[in-house]
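One letter stands for each residue in the lines below.
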Amino acid sequence: MSRDDLTPEGFASGDFSSDDDYDGLDPAEMDEYSRAAQLVFQELSVRLGEGNPQPRLEPTRRVVELLGDVHCAYPIIHIAGTNGKTTTARLIESILRAYGLSTGVFTSPHLVSFNERILLNGVPVRDDVLVTNWLDVKPYVELVDAELESKGEPRLTFFEVMTILAYGTFADAPVDVAIVEAGLGGEWDSTNVADGAVAVFTPIALDHTDRLGKDLDAIARTKSGIIKPSSMVVSAAQNPVVRAVLEEAVDLTESTLTFVSTTDIPEVGNPVAVVSRAVAVGGQMVTIQGAAGRYEDIFLALYGDHQAENAALAIAAVEAFLGGASQALEQEVLAEACATVTSPGRLQLVASEPTVLVDAAHNPHGAQSLTRALSTYFTFDDVTIVLAIFEDKDAEGIIDALAQCATRFIVTSAPSERSRSARDLGFLVADKVGDDKVVVEPDPVVALAMARGYAANSDKGAVVVTGSITLVGLTVGLAEESQGWTL
């Protein structure tokens, strides 16, 4: 393969060889692949976006079957829910990798680079691997596109193609286990072409009501569709309506079900619980009762009570996967995994002097968890919230939750066509907290600079960027580029 093949013209022609040995690439070759990976993203981005999911499985299933059933080449732990999916996926992956397994993870959306959506052994897929696998699957995607268009149906969407690319990449690696996060819902989400050995449910709340249903019962029924016959199911504590739906689905599929307890004392039938937790430097110390064992004084490198609950859920999922929930995990292995886990964009410290935290909370449930964590794990005396929210989100609920911890809001726009205008959102925030606590700045880069100025004027000031994952991604990107920020 020559470098000329990696020019935009060469990429457009598809004139790549997938048989080359990509080990030991020099920096110049990796730069070429980086540009080619951007061309892949541009090519996929013209498809229907994630804001317009298609409630169907057959097109995705057709492609993965044409590829040789790549979705069946490894066992899968499938995760659905409203909040906490990505962190739970990363916790599960960290534990399994600490056990020596080769892992694949598929999550969405990404923060900075779309490679983040596909992890191999905890690391975003390399550009050369991504490009090579895309060229392998592209002819089959285009074949099914043509079939769909001949029937007057939309061609494969961005997320459907990303699912296919992830499953193909995992098969090619190969991985010992894949941890897969459903994109939206569950029953008709494209990831559901695969059968998960373990189905994991994070807390289910109202979100995407225009797509998933107007109430918790409807949303839970859609998400419960990832439960396959005779599978193992683990769930976070749920609203009684959601719990009843999951119990019904488990009965119908003759599966097993374990809930995380709502208290620090394991309940009958709910053996999993966070027994104790304490704030620690860089995270928290937790003791967790799993389904098969008790794990004392584990350091978890994540902030927030909700992260301890995600850890309990992840432990229960791994116990189910490795030993059918009958064999305890090794304390030392678990300790290593929890101490080294990361969850970018989830109450993540991205800068200091002053402190800048980002959190991907984009619904009231997530905003409430963020507010509780800020009051429990930090001692800030001045908090500037930089806020952007998408049009289809419950802005009032998010603002109500964040108002409990905010000294002021700087309202801006997110890098997305779906973003609510800063002006309209500013009026809404002002109605809730008063004009004197609101600044409207449509340019998010300027808004971040203003927020850092406010925080720098207080001994314990902080900036918290939230409300939109794309705004969080922009902030993380700026921090990584070290735009004068002290990290």
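Residues numbered from 1 in each chain as written. Predicted model: local features only at pLDDT ≥ 70, side-chain atom pairs only at ≥ 80, totals over all residues. Heavy atoms only, no water.

**Q** When you look at the pairing of strand β6 (residues 198–201) in this model, what are you seeing that I'm missing?
**A** As a general feature of sheets, a regular strand has side chains that alternate between the two faces. Neither face of β6 is left uncovered, since the one carrying V198 and V200 and the one carrying A199 and F201 both have all their residues buried. Strand direction decides the pairing type here: strand β1 (residues 76–80) and β6, joined by four bridges, are parallel. Each bridged residue has a counterpart across the sheet, and for I77 the counterpart in β6 is V198. Sheet analysis places β6 next to strand β7 (residues 232–235), joined by four bridges and oriented parallel. Considered in β7, the bridge of F201 is made with S235. (Buried < 20%, exposed > 50% of the residue type's maximum accessible area, 1.4 Å probe, protein only. Helix = DSSP H or I, 4+ residues; strand = E, 2+ residues; numbered from the N terminus. Pairing = 2+ DSSP bridges.)

**Q** What is the right way to read the nonpolar core from this model?
**A** I77, I92 and V200 are the most contacted members of the largest nonpolar core, which totals 40 residues. At the level of elements, β1, α4 (85–98), β5 (177–181), β6, β10 (283–289), β11 (294–300), α10 (305–323) and α11 (331–340) are the ones that each hand at least two residues to this core. A per-element tally of this core places α10 first, with 11 residues. In contact with V200, other than residues within four places in its own chain, are I77, H78, I79, A80, T88, I92, I226, V234, L313 and A317. Core analysis: the next-biggest nonpolar cluster, separate from the first, contains 39 residues, L57, F106, F114 and M162 among them. (Core = buried A, V, L, I, M, F, W, Y, C linked by side-chain atoms within 4.5 Å. Contact = heavy atoms within 4.5 Å.)

**Q** I tried to follow the packing of α4 against α10 on my own but got confused; where do I start?
**A** A pair of packed helices is captured by two measures, namely the crossing angle of their axes and the spacing between those axes. Running from amino to carboxyl end, α4 crosses α10 at an angle of 50 degrees, the nearest separation of the two axes being 9 Å. On the basis of the axis angle, α4 is oblique to α10. Here the hand of the crossing between α4 and α10 comes out right-handed. Each of T87, T88, L91, I92, I95 and L96 in α4 lies in contact with α10, whose residues at this interface are Q307, N310, A311, L313, A314, I315, A317, V318, F321 and L322. (Axes fitted to C-alpha atoms, helices over the stretch in contact; angles between N-to-C directions. Parallel < 35°, antiparallel > 145°, perpendicular 65-115°, else oblique. Left-handed = near helix turned anticlockwise from the far one by under 90°.)

**Q** I'm lost on the packing of aromatic side chains in this one. Help?
**A** Aromatic rings in a pair are described by how distant their centres are and how their planes are angled relative to each other. Summed over the entire model, instances satisfying the criterion amount to seven aromatic pairs. Ring geometry for Y74 against F170: centres 6.0 Å apart, planes inclined by 85 degrees, an arrangement best described as edge-to-face. Taken together, the residues span a long stretch of sequence, with Y74 in the loop between α3 (58–66) and β1 and F170 in helix α6 (residues 158–172) at a distance of 96 residues. Residue classification places Y74 among the buried positions, given a relative accessible area of 6%. (Phe/Tyr/Trp six-rings, centres within 6.5 Å; stacked < 30°, edge-to-face > 60°.)

**Q** Is there a simple way to explain empty space enclosed by the protein in this structure?
**A** Leftover empty space is mapped by rolling, across the atoms, a probe with the size of a water molecule. Counted according to the given criterion, the structure contains two cavities of 30 Å³ or more. Here the largest cavity is characterised by a volume of approximately 110 Å³. T86, R90, T107, P109, H110, L111, E116, R117, P344 and R346 together form the lining of the largest cavity. Of the residues belonging to the lining of the largest cavity, the class tally is three nonpolar, three polar and four charged. (1 Å grid on protein atoms, 1.4 Å probe; cavity = no way out; pocket = protein on both sides within 12 Å on 5 of 7 lines; lining within 4 Å. Points joined across faces, edges and corners; volume = space filled by probe spheres on them. Nonpolar A, V, L, I, M, F, W, Y, C, P; charged D, E, K, R; others polar.)

**Q** Any chance you could explain the side chain of D128 here in plain terms?
**A** With respect to the helices and strands, D128 occurs in helix α5 (residues 127–150). Exposure remark for D128: the relative accessible area of 0% places this residue in the buried category. There is a polar contact of 2.6 Å between the side chain of D128 and the side chain of R126. (Polar contact = N/O pair within 3.5 Å; in protein donor to acceptor, adjacent residues only side chain to side chain.)

**Q** Would you explain the sheet that holds strand β12 (residues 348–351) in this entry?
**A** Two pairing modes exist for strands in a sheet, parallel and antiparallel, and in both the strands are linked by backbone hydrogen bonds. Read across the open sheet, the six strands follow the order β12-β13-β17-β14-β15-β16; overall the sheet is mixed. Lying at the two open borders of the sheet, with one neighbouring strand each, are β12 and β16 (438–440). Averaged over all pairs of adjacent strands, the angle between their axes in this sheet comes to 25 degrees, without regard to strand direction. Inspection of the sheet shows β12 paired to strand β13 (residues 355–358) by three bridges, in the antiparallel sense.

**Q** Can you help me understand the pattern of salt bridges in this one?
**A** Where side chains of opposite charge bring their charged atoms close, a pairing between them can arise. Under the criterion given, the structure shown has 21 salt bridges. Two residues, E147 and R62, come together in a salt bridge whose shortest N-O distance is 2.7 Å. Remark: R62 occurs in helix α3 and E147 occurs in helix α5; sequence separation between them is 85 residues. Across the salt bridge formed by R294 and E296, the nearest N and O atoms sit 2.7 Å from each other. Residue R294 is classed as partly exposed on the basis of its relative accessible area of 43%. Given the relative accessible area of 38%, E296 is considered partly exposed. (Salt bridge = Lys/Arg side-chain N within 4 Å of Asp/Glu carboxyl O.)

**Q** What exactly am I supposed to notice about the side chain of N83 here?
**A** Relative to the assigned elements, N83 resides in the loop between β1 and α4. Using a relative accessible area of 12% as the deciding quantity, one classes N83 as buried. A distance of 3.0 Å separates a polar atom in the side chain of N83 from a polar atom in the side chain of N363. Dropping the residues within four chain positions of it, N83 is found in contact with T202, P203, N363, H365 and G366.

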